Amino acid sequence: MKYLAADYTSDFACKCGACRRNCCSGWPVTISGEEYERIMAAPASPEYREKLKEALRLNFAPEDRRYAHVVHDRQGRCLLQREDGLCGLQIELGEAILPAVCRLYPRNRRSVCGVNECALSFGCEAVTERLLASAEPLRLTETEIGEAPLFPIDMPEEKYARCRRALEIMGDRSTDLARRFERLGEELFGCRETSPEEQALEDAMRLLHRLTSDCCGKTKVAGKLCSEAVSFFGFAGKEKLSGAEAAELCARYRETAGRLFPEKARLEALAERFLVNHMFYNSFPHVGGTDDGERALYGLCTVYAFVKFVLAGNVRRIGGMEDAAGVLSELGRLIEHSDFKYKAAQFYRKQSDHSPGCWRQLAML
Ligand code: SF4
């Protein structure tokens, strides 16, 4: 079947046991009633059946689509994952037995306005490595995939056209990234508000500090990365930053970012690839067919600045591209597979009372 997909999709392959941030660890996996019954009815050895009973537990209030969950060991690893990192369930009973989430991840195969799309999440280490492997523009190309779309997205043509236009603007290298965010704001949302630069910058730093601090205690995924960033920049435990502290944080961030990303052009090219991949994965600005309007823009600017802020704040653990890929894929899990996108837009709303043009500053950081 023909799909619209990012140009790396046709040669995407899971790293299996070589993956350092294996998606079989660290987050809840829920399976449907049909999947549960199918696995428990499969012809497994008596020993493996005991393992399945231990590893698959019914949810407290089972529903059809959220019927049971996979149990993790103390290290947060799926009980069915083997020591070599491979999936024991797949090896024991074959790929077809796997729950959809395990078989599909990191792919999202959907159909929208008559177009089949396959988008991949940068929560996957192999995807992140492909996005970091080139500075060329990320192209959406026609790709042959042997399976049918799984999710229909109900979206009017004009909304779908906006999603495609947003990707065109973000991929247009005739202007720098900050200007592309402005063009998104102006062309798709009519956002023309500006603010005094100093005030907007202070508010942008306060927003990043508060959002990152909020993630420290609340998210299992990327929580440690956020704690490291907040303590690295030296304002851990601080609720609200004063103007002077916000300026100090900005100076520390800029100094560190300048060391971590010395080549601005290369940084912009790589950031653009992640942004286009993220926007395509989420059908920006109509995430899942919704009509988020400028909230989607504020959320996107906040997510973009948040990733750079946390990456810079983890400079002590980044020795090279491999480490950066690890940090980015963990942030990708938080951003693509939790309510973080909405939280980012909410935090923006709360923080930008004083400077409605704060999103421009976030895009320039
Ligand atoms: S994160 Fe990606 S590469 Fe790693 S195990 Fe999962 S699908 Fe494979």
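In this text the structure is predicted, and so the values were computed from the model without any measurement. (Residues numbered from 1 in each chain as written. Predicted model: local features only at pLDDT ≥ 70, side-chain atom pairs only at ≥ 80, totals over all residues. Heavy atoms only, no water.)

Colleague: Give a description of helix α13 (residues 321–336) that names residues and reports values.
Modeller: Compared with an ideal rise of 1.5 Å per residue, which puts 16 residues at 22 Å, α13 spans 21 Å between its outermost C-alpha atoms and is within 8% of the ideal. Among the 16 residues of α13, 13 are classified as buried, and the element is accordingly described as predominantly covered. (Helix = DSSP H or I, 4+ residues; strand = E, 2+ residues; numbered from the N terminus. Expected span 1.5 Å × (residues − 1). Buried < 20%, exposed > 50% of the residue type's maximum accessible area, 1.4 Å probe, protein only.)

Colleague: Could you give an account of the sheet that holds strand β2 (residues 30–31), with specific residues and numbers?
Modeller: Strand order in the open sheet made by the three strands is β2-β4-β3, with antiparallel pairing throughout. One side of each edge strand has no neighbouring strand; the edge strands of this open sheet are β2 and β3 (56–58). Sheet topology places β3 next to strand β4 (residues 68–70); three bridges connect them, and they run antiparallel. When the bridges of β4 are listed, L58 appears paired with A68. Sheet contacts for helix α2 (residues 46–55): β3 and β4; angle to β3, the most-contacted strand, approximately 45 degrees. (Pairing = 2+ DSSP bridges. Contact = heavy atoms within 4.5 Å. Axes fitted to C-alpha atoms, helices over the stretch in contact; angles between N-to-C directions.)

Colleague: I'd like to hear about the domain arrangement of the protein chain, residue by residue, with values.
Modeller: By the assigned domains, the protein chain splits into domain 1 (2–9 + 112–156), domain 2 (24–104) and domain 3 (158–364). For domain 2 versus domain 3, the separation of C-alpha centres amounts to 35 Å. (Domains from an automatic or database assignment.)

Colleague: Give a description of the packing of aromatic side chains that names residues and reports values.
Modeller: Any two aromatic rings considered together are summarised by their centre-to-centre distance and by the angle between their planes. Per the stated rule, a full pass over the model turns up ten aromatic pairs. Ring plane angle 85 degrees and centroid distance 5.5 Å describe the contact between F122 and F274, whose orientation is recorded as edge-to-face. In this pair, F122 sits in the loop between β6 (115–120) and α5 (125–132) while F274 sits in helix α11 (residues 264–281), placing the two residues 152 residues apart along the sequence. Grouping residues by exposure puts F122 and F274 together as buried. Members of the aromatic cluster, joined through ring pairs, are F232, F233, Y253 and F309. (Phe/Tyr/Trp six-rings, centres within 6.5 Å; stacked < 30°, edge-to-face > 60°.)

Colleague: Explain the site of the ligand residue by residue, including any values.
Modeller: If you check the shell around the ligand, you find C14, K15, C19, R21, N22, C23, Y105, C124, E125 and A126 and nothing else. Tallied by class, the residues present in the shell around the ligand amount to six nonpolar, one polar and three charged. (Near = heavy atom within 4 Å. Nonpolar A, V, L, I, M, F, W, Y, C, P; charged D, E, K, R; others polar.)

Colleague: Give a description of the packing of helix α10 (residues 243–260) against helix α12 (residues 294–313) that names residues and reports values.
Modeller: Axes are the key here: two packed helices are described by the angle between their axes and the distance separating the axes. Two elements in contact, α10 and α12, have axes whose closest approach is 9 Å; the angle formed by their N-to-C orientations is 75 degrees. Classified by the interaxial angle, the pair formed by α10 and α12 is roughly perpendicular. For the pair α10 and α12, the contacting residues are L249, Y253, T256, A257 and L260 in the first and K308, F309, L311 and A312 in the second. Residues that form the contact of α10 with α12 fall into these classes: seven nonpolar, one polar and one charged. (Parallel < 35°, antiparallel > 145°, perpendicular 65-115°, else oblique.)

Colleague: Could you give me a rundown of the side chain of E117, with the residues and numbers involved?
Modeller: Mapped onto the elements, E117 comes out in strand β6. A polar side-chain atom of E117 sits 2.5 Å from a polar atom in the side chain of Y160. Apart from the residues lying within four places of it in its own chain, the contact partners of E117 are Y3, L4, N108, R109, R110, V112, Y160 and F280. (Polar contact = N/O pair within 3.5 Å; in protein donor to acceptor, adjacent residues only side chain to side chain.)

Colleague: Quick rundown of the pairing of strand β1 (residues 2–6)? Include the residues and the values.
Modeller: Two faces, one strand: in a regular strand the side chains alternate between the faces of the sheet. Along β1, four of the five residues are buried, which leaves the element largely enclosed by surrounding structure. Here β1 pairs with strand β7 (residues 140–144) via five bridges, running antiparallel. Bridging across to β7, Y3 finds its partner in T143. With two bridges joining them, β1 and β6 adopt parallel strand pairing. Paired with A5 across the strands is C118, a residue of β6.

Colleague: I'd like a rundown of the sheet that holds strand β5 (residues 107–112), residues and numbers included.
Modeller: Pairing is mixed in the open sheet, where five strands are placed in the order β7-β1-β6-β5-β8. The open sheet has two free edges, formed respectively by β7 and β8 (151–153), since each of these has just one partner strand. Across the sheet, the axes of successive neighbouring strands diverge by a mean angle of 35 degrees, strand direction being ignored. Note that β5 and β6 share six bridges and pair antiparallel.

Colleague: Give a description of the pattern of salt bridges that names residues and reports values.
Modeller: Scanning the entire structure with this criterion turns up 33 salt bridges. Among the ionic pairs, R20 bridges to E125, the shortest N-O distance being 3.6 Å. One end of the pair, R20, is in the loop between β1 and β2; the other, E125, is in helix α5, and 105 residues separate them in sequence. Taking relative accessible area as the criterion, E125 reaches 1% and is therefore assigned buried. Between R179 and E186 there is a salt bridge whose closest N-O contact spans 3.2 Å. The network of salt bridges with common partners includes K15, R20, E125 and E129. (Salt bridge = Lys/Arg side-chain N within 4 Å of Asp/Glu carboxyl O.)

Colleague: Can you lay out the layout of surface pockets for me, pointing to particular residues and giving the numbers?
Modeller: One number sums up the size of the second largest pocket: a volume of about 550 Å³. L132, F261, L267, L270 and L311 are the residues nearest the centre of the second largest pocket, which is lined by 23 residues in total. Mapped by element, the contributors of at least two residues to the lining of the second largest pocket are α11, α12 and α13. Top contributing element to the lining of the second largest pocket by residue count: α11, with seven residues. For the lining of the second largest pocket, the per-class residue count stands at 18 nonpolar, two polar and three charged. (1 Å grid on protein atoms, 1.4 Å probe; cavity = no way out; pocket = protein on both sides within 12 Å on 5 of 7 lines; lining within 4 Å. Points joined across faces, edges and corners; volume = space filled by probe spheres on them.)

Colleague: Pulling in residues and values, what's your account of the nonpolar core?
Modeller: Burial of nonpolar side chains together is a common tendency in soluble globular proteins. Counting residues in each nonpolar core, the largest one holds 95 residues, and the members touching the most others are L184, F306 and L362. Counting residues domain by domain, this core receives three or more from each of domain 1 (2–9 + 112–156) and domain 3 (158–364). If near-sequence neighbours (up to four positions away) are discounted, L362 is found in contact with A204, L207, L208, C301, T302, Y304, A305 and Y348. Among the nonpolar cores identified, the runner-up in size contains 20 residues, and Y36, A68, V70 and L80 belong to it. (Core = buried A, V, L, I, M, F, W, Y, C linked by side-chain atoms within 4.5 Å.)

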